[in-house]
Structures are given as C-alpha cells and as structure tokens.
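# Observations on the model geometry
One-letter residues, chain by chain:
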Amino acid sequence: MRLGRRGELSLTDRLAALREAVEVAEGRLEVPEVASARALLAKAGAREALGDATVVALAGATGSGKSTLFNALSGSEVSTPGVRRPTTGVAHASVWGEHGSDRLLDWLQVPRRHRVESGDPALDGLVLLDLPDHDSVRLENRLEVDRLVELVDVLVWVLDPQKYADAAVHSQYLAPLAGHSGVLVVVLNQVDRLDEPAARACLADLRGLLDREGLAAT
Ligand SMILES: Nc1nc2c(ncn2[C@@H]2O[C@H](COP(=O)(O)OP(=O)(O)OP(=O)(O)O)[C@@H](O)[C@H]2O)c(=O)[nH]1
Ligand SMILES: [Mg+2]
C-alpha cells in the first residue's frame, strides 16, 4: 500500500478499501452507511474521470472580499466586486493553463469561465472559483454554495474582521468540515482595516475558535 504525505493512505488506496468494504457489506449489512459509502464511491469515480485539475473555491460571507481576492489572484477583473450586498450571484471560474477543464466545469455546472495566462507551469491545472455568499439573503446563493462545497477539491474560507466569529460559518461549515481539514484553508481578509495590535488579537481569537472546532494549524 502506498502511503501519503504524512504516512497516511493515499486517496486511491482509501477508495479501494472503501469499495472492498461496500462489496463485503452488500446483502449482509442493512445500515444507511453502506448506501452513503456507495454514493461517495460513485461521486469519487465521476470526479476521477474528469482529470487531475485542482478545483479551489473561495467561500465566505457577503462582503468578506471573495471577488476582490479572486480578481487579484486571476490578474484581472473577472468577477465584479461591489458595495451592494450580496454582489456575486453565480460562481465564476478562472482556469490556469491549457488543462482542458471544460468537462470538469460542466460537471460543476459553472458556466462563467476565464482563462489565465500566467506563464507559471506550476499553476497549470488550477481552477479557482469565486462563490456567492453562504450567508445570503438570497436562497439561491446559499443553495449554490452548499452544492459546490460538496464537489470542490479545496475550500478557502475568506473571513473578515467584522464577521470572523459569525455562527453561520462556524456551526454550519467549519466545525462540520473539521474531518476535511487537509483541504480547508481559512484566511483572515481585510486586515488592513485593523491596526497591528488589533490584527494580532483578531488572529489569536480566530485561531482559538478554529482550535476548539478541531481545525488545528498545519
Ligand atoms: N479595506 C479592504 N477592503 C476590501 C478588501 N477586500 C475587499 N474589500 C472591499 O469589500 C467590499 C466587498 O468586496 P467583494 O469582493 O465584493 O466581497 P464578496 O465577498 O465577493 O461579496 P459577495 O459577492 O456579496 O459575497 C468591496 O467594497 C471591496 O472593495 C480588503 O482586503 N481590504
Ligand atoms: Mg463576490
């Protein structure tokens, strides 16, 4: 068996082990976990067939600065940031390199696509998504976030100094996703709004919150 970065089993080996367990359980175990495992295997199989691009999504509350960060990383104004809330109603994608991610983006149901010519081969295959707000007054925005959170490879939670401790993000997303901490990144954005001591205090408080949720620093 191949071992991953920290001596853990690779994803391929984990899926193979899960497939074996489901086959053994078939017709013997009448528990809902078997159906969930089967659904997970089907989803992983579908995703695997769509290539090895990495889909990274910027998620967060309205006004946290997702679109601004997305544009800065994309190198152009792909997604319009705004002062009226919420601003982004549909997900936008930026695709680095010639990776042929159209089928992947069709599967993700993200029609807004922008190609980035970075010249850095290390970024080839990166697909960055700017998501709508998870705490939206618009139901369709919240549903779109919940749909994509289940499908992307890496989630970057963009928090801001005013709402970093908001229950909506912690109890609905960060704490339940603690088991996926290897593919979660939490960013404190808009720190330029704070002076140095306030920024340090805010970061320490956020760190404490994440530690209590089982999201230790890596
Ligand atoms: N000072 C400061 N302002 C920022 C920063 N990032 C974004 N803003 C401002 O915050 C406001 C909201 O930014 P957006 O990028 O539209 O936020 P969003 O998270 O995409 O918001 P929704 O699309 O509504 O979910 C805009 O007026 C931005 O100019 C930052 O790092 N510092
Ligand atoms: Mg936005």
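Residues numbered from 1 in each chain as written. Chains lettered and ligands numbered in written order. Predicted model: local features only at pLDDT ≥ 70, side-chain atom pairs only at ≥ 80, totals over all residues. Heavy atoms only, no water.

With that out of the way, let us pick up the sheet that holds strand β1 (residues 54-60). Spatial ordering of the open sheet is given by β3-β2-β4-β1-β5-β6, a layout of six strands whose pairing is mixed. Strands with a single pairing partner mark the edges of an open sheet, and in this sheet they are β3 (112-116) and β6 (184-188). The mean angle between the axes of side-by-side strands here comes to 20°, regardless of whether they run parallel or antiparallel. Examined bridge by bridge, strand β2 (residues 92-96) and β3 share five bridges and lie parallel to one another. Across the sheet, the residue bridging to Ala93 is Arg113, located in β3. (Pairing = 2+ DSSP bridges. Helix = DSSP H or I, 4+ residues; strand = E, 2+ residues; numbered from the N terminus. Axes fitted to C-alpha atoms, helices over the stretch in contact; angles between N-to-C directions.)

Right, let's get into the packing of aromatic side chains. Within the structure shown, the criterion is met by one aromatic pair. Between the aromatic rings of Trp157 and Tyr173, the centroid separation amounts to 5.0 Å while the plane-to-plane angle is 40°, which identifies the pairing as tilted. Of this pair, Trp157 sits in strand β5 (residues 154-159) while Tyr173 is found in helix α6 (residues 167-174), placing the two residues 16 residues apart along the sequence. A single burial state applies to Trp157 and to Tyr173, both of which are buried. (Phe/Tyr/Trp six-rings, centres within 6.5 Å; stacked < 30°, edge-to-face > 60°. Buried < 20%, exposed > 50% of the residue type's maximum accessible area, 1.4 Å probe, protein only.)

Moving on, we come to the UniProt feature "domain: G" (unreviewed entry) in the chain. Here the UniProt-annotated "domain: G" (unreviewed entry) positions come out as residues 56-167. Secondary structure across residues 56-167 comprises 25% helix and 23% strand; the distance between its end C-alpha atoms is 23 Å. (UniProt positions renumbered as here; feature names shortened; annotations may be inferred.)

Given a rise of 1.5 Å per residue, 17 residues ought to cover 24 Å, and the 24 Å separating the end C-alpha atoms of helix α2 (residues 32-48) matches this to within 8%. Along α2, the positions that sit buried rather than exposed are Val34, Ala37, Leu41, Ala44 and Arg47. Projected onto a plane normal to the axis of α2, the buried residues spread over an arc of 150° and lie on a single side. Exposed side chains of α2 directed beyond 90 degrees from the buried face belong to Pro32 and Ala42. (Expected span 1.5 Å × (residues − 1). Arc of directions from axis to C-beta.)

Turning next to the site of ligand 1. Close to ligand 1 lie 20 residues; Thr62, Lys66, Thr68, Thr87 and Asp192 are nearest. Lys66 has a polar side-chain atom sitting 2.7 Å from an oxygen atom of ligand 1. Between Gly82 and ligand 1, the recorded distance is 3.0 Å, taken from a backbone N or O atom to an oxygen atom. Surface burial for ligand 1 is 81%, taken as the share of its 660 Å² of free accessible area covered by protein chains. Here the residues of the shell around ligand 1 sort into four nonpolar, eleven polar and five charged. (Near = heavy atom within 4 Å. Polar contact = N/O pair within 3.5 Å; in protein donor to acceptor, adjacent residues only side chain to side chain. Areas by Shrake-Rupley, 256 points an atom, 1.4 Å probe, with all protein chains shown as cover. Nonpolar A, V, L, I, M, F, W, Y, C, P; charged D, E, K, R; others polar.)

So, about the coordination of the magnesium ion (ligand 2). Four donors placed tetrahedrally about a metal ideally form angles of 109.5 degrees, and six donors placed octahedrally ideally form angles of 90 or 180 degrees. Coordination of the magnesium ion (ligand 2) by the protein comes from Ser67 (OG) and Thr88 (OG1), over a distance range of 2.0 to 2.1 Å. One end of the pair, Ser67, is in helix α3 (residues 66-74); the other, Thr88, is in the loop between α3 and β2, with 21 residues separating them in the sequence. Ser67 sits in the buried class, given a relative accessible area of 7%. Under the relative-accessibility criterion, Thr88 is labelled buried at 8%. (Donors = N, O, S within 2.8 Å, 3.2 Å for Na, K, Ca; no water.)

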